[in-house]
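# Residue-level structure breakdown
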Amino acid sequence: MAPGDNKVAANTIEFPQFDILSGDSAHSDHYFIHSNKSKKAQGCFNDSTSAVSKKIAKEWKILEKDLPDSIYVRVYEQRIDLLRAVIIGAAGTPYHDGLFFLDIVLPSDYPNQPPKVYYHAHGLRLNPNLYSNGTVCLSLIHTWTGRGVELWTPAKSTILQLLVSIQGLVLNSKPYFNEPGREVGLYSKAERWTKKSTAYNEEVFILSCKTMLYNMRKAPKGFESFVVEHFRARGDFILAAIRAYINGDATVGQYQECVSASLSSVPVSSKFKANLEKMHLDLRSAFHGIDTSPPKMKKLPLEGRREEKEATSDAVKSRSSAKESKQGISSTILKVLKKIFE
């Protein structure tokens, strides 16, 4: 499997990439559940003829049709202002095979203002743009400075753009250089900075492994079966990658299946090795504890869903049959980003 390819993680999971969940309990653990409670806001979202509702319906259609294999989204019939997404960490990055959950809320004047985003951080800071308190620092949602296409543009910006940007621009192969003042190109080729970047990736990978454990212990609602299926599919690979990092056979993010050990050993610090050993033990125990026959997620009836849901069902079926011919996650992200910013 070449770096950037991670098709196994997404394609072996029988779980709709986009779906509408029904019932108040479906979003009861959503971070923004208490948002948009004013009568004015509720009027915008509950009136299917309002400009906001129509825009959201279009956004749902875009997500249903164009989500990359590595991103899954759930929306809610009773709360169309809320979304939950999970991004699968791409191969070639220290986030590979990790699951990164985001809760999103749309403002009552959407799309005039950008969405608000909460990252399920579990108190961990594994990226300069993702804070331990759940804050996502990104120009697109106006939580960081920017200009031009970097900022939210009501006529062009979409939730799909937001999700793809987080995966492609934030959860990348060298997150150390996401920090302002460390931009790739200015310092990334100097030995001093490459060493710092490598050390940062090692720390990030350990935090990503801890995030895996948190997700397995208590998956966000709507994604319980997804978490089980994902780690059942990728558990052996994750453990093999950890063992390769322990043995110095590969740098973080560069382990590949069906490839013999590197001829030149990668230096492994005693601290990183000890952390890897612990993560290997903890994850192996967690993976072995996964139920071999988890309950399948109940498929909700289509009755009562918006017409846009029915109108795009054929597109979803045709996309599913074509997935096997798609390229890896990283190349797909780059293509989507290029299309968005053209």
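In this text, all values refer to a predicted model and were calculated from it rather than measured experimentally. (Residues numbered from 1 in each chain as written. Predicted model: local features only at pLDDT ≥ 70, side-chain atom pairs only at ≥ 80, totals over all residues. Heavy atoms only, no water.)

### Details of the sheet that holds strand β4 (residues 99-105)
Sheet architecture is open: 5 strands sit in the order β1-β2-β3-β4-β5, paired in mixed fashion. Here the strands that pair on one side only, and so sit at the sheet edges, are β1 (18-21) and β5 (116-119). Averaged over all pairs of adjacent strands, the angle between strand axes in this sheet comes to 20°, irrespective of strand direction. Pairing between β4 and β5: 4 bridges, direction antiparallel. The residue bridging Ile104 from the neighbouring strand is Val117, located in β5. (Pairing = 2+ DSSP bridges. Helix = DSSP H or I, 4+ residues; strand = E, 2+ residues; numbered from the N terminus. Axes fitted to C-alpha atoms, helices over the stretch in contact; angles between N-to-C directions.)

### A look at helix α7 (residues 270-288)
Its 19 residues give α7 an end-to-end C-alpha distance of 27 Å, which sits within 8% of 27 Å, the value for a rise of 1.5 Å per residue. For α7, the set of buried residues is Phe272, Leu276, Met279, His280, Leu283 and Phe287. All buried residues of α7 fall inside an arc of 110° around its axis, so they share one side. Every exposed residue of α7 that faces more than 90 degrees away from the buried side is listed here: Ser270, Lys271, Ser285 and His288. Close packing links the buried residues of α7 with α5 (191-217) and α6 (224-247). (Expected span 1.5 Å × (residues − 1). Buried < 20%, exposed > 50% of the residue type's maximum accessible area, 1.4 Å probe, protein only. Arc of directions from axis to C-beta. Contact = heavy atoms within 4.5 Å.)

### What to know about the packing of aromatic side chains
For any two aromatic rings, the description comes down to two numbers: the centre-to-centre distance and the angle of the planes. Scanning all chains against the criterion turns up 17 aromatic pairs. Here Phe15 and Phe226 contribute two aromatic rings whose centre-to-centre distance is 5.3 Å and whose plane-to-plane angle is 55°, an arrangement assigned as tilted. Of the two residues, Phe15 is situated in the loop between α1 (7-11) and β1 and Phe226 in helix α6; the sequence distance between them amounts to 211 residues. As far as burial versus exposure is concerned, Phe15 and Phe226 are alike and both buried. By the ring-pair criterion, three or more aromatic residues cluster together here, those being Phe15, Tyr72, Phe101, Phe223 and Phe226. Lying over the aromatic face of Tyr214, Arg217 brings its terminal NZ or CZ to 5.9 Å of the ring centre. (Phe/Tyr/Trp six-rings, centres within 6.5 Å; stacked < 30°, edge-to-face > 60°. Lys NZ or Arg CZ within 6 Å of the ring centre and 35° of its normal.)

### Looking at the environment of Asn247
Here Asn247 shows up in helix α6. Counting along the chain gives 19 residues from Asn247 to Val266, while the straight-line C-alpha distance between them is 8.1 Å.

### A look at helix α3 (residues 51-66)
Over its 16 residues, α3 runs 22 Å from end to end, which matches the ideal 22 Å to within 8%, given 1.5 Å per residue. Residues of α3 that are buried: Val52, Ser53, Lys55, Ile56, Ala57, Glu59, Trp60, Leu63 and Glu64.

### Considerations on the pattern of salt bridges
According to the stated counting rule, one finds 8 salt bridges in the structure shown. As a salt-bridge pair, Asp29 and Arg84 come within 3.0 Å of each other at their nearest N and O atoms. Here the residue Asp29 occupies a position in the loop between β1 and α2 (39-46), and Arg84 occupies one in strand β3 (residues 82-88), the gap between them amounting to 55 residues. In this structure Asp29 comes out as partly exposed when scored by relative accessible area, which is 32%. Since its relative accessible area comes to 0%, Arg84 is described here as buried. Close ionic contact of Arg84 with Asp103 constitutes a salt bridge, the shortest N to O distance being 2.7 Å. Taken together, the residues Arg84 in strand β3 and Asp103 in strand β4 connect sequence positions 19 residues apart. Put simply, Asp29, Arg84 and Asp103 are held in one network by salt bridges that share partners. (Salt bridge = Lys/Arg side-chain N within 4 Å of Asp/Glu carboxyl O.)

### Comments concerning the pairing of β3
As a general feature of sheets, a regular strand has side chains that alternate between the two faces. Burial within β3 is extensive, with 7 of its 7 residues counted as buried. Burial along β3 is two-sided: Leu82, Arg84, Val86 and Ile88 and Leu83, Ala85 and Ile87, pointing in opposite directions, are all buried. Sheet topology note: the strand β2 (residues 71-76)/β3 ladder contains 5 bridges and is antiparallel. Following the sheet pairing, Tyr72 is matched in β3 by Val86.

### Description of the nonpolar core
Core analysis: the largest hydrophobic core is formed by 48 residues, its most contacted members being Leu63, Val73, Val136 and Leu163. Among the elements that make up this core, the one with the highest residue count is helix α4 (residues 159-170) (7 residues). Residues within four places of Val73 in sequence aside, it is in contact with Gln17, Phe18, Asp19, Leu63, Leu67, Leu83, Arg84, Ala85, Leu163 and Phe223. (Core = buried A, V, L, I, M, F, W, Y, C linked by side-chain atoms within 4.5 Å.)

### Some words on the confidence of the model for the protein
Detailed reading of the predicted coordinates is not advisable wherever pLDDT falls low. In the predicted model, the protein carries a mean pLDDT of 83, and 77% of its residues have values of at least 70. Predicted confidence for residues 292-330 stays below pLDDT 50, and this span has 66 contacts to residues more than four positions away or in other chains. (pLDDT = per-residue confidence, 0-100.)

### As for the environment of Ala51
If you trace the backbone, Ala51 turns up in helix α3. Ala51 sits in the exposed class, given a relative accessible area of 64%. On a C-alpha basis, the gap between Ala51 and Asp109 in space is 8.9 Å, while along the polypeptide they are 58 residues apart.

### Overview of the packing of α5 against α7
Direction vectors running N to C along α5 and α7 enclose 20°, while the axes themselves pass 10 Å from each other. Relative to α7, α5 is oriented roughly parallel. When the axes of α5 and α7 are compared, the crossing they make is left-handed. Facing α5, whose interface residues are Glu202, Phe205, Ile206, Cys209, Lys210, Met212, Leu213 and Met216, α7 presents Phe272, Asn275, Leu276, Met279, Asp282, Leu283, Ala286 and Phe287. Residues that form the contact of α5 with α7 fall into these classes: 12 nonpolar, 1 polar and 3 charged. (Parallel < 35°, antiparallel > 145°, perpendicular 65-115°, else oblique. Left-handed = near helix turned anticlockwise from the far one by under 90°. Nonpolar A, V, L, I, M, F, W, Y, C, P; charged D, E, K, R; others polar.)

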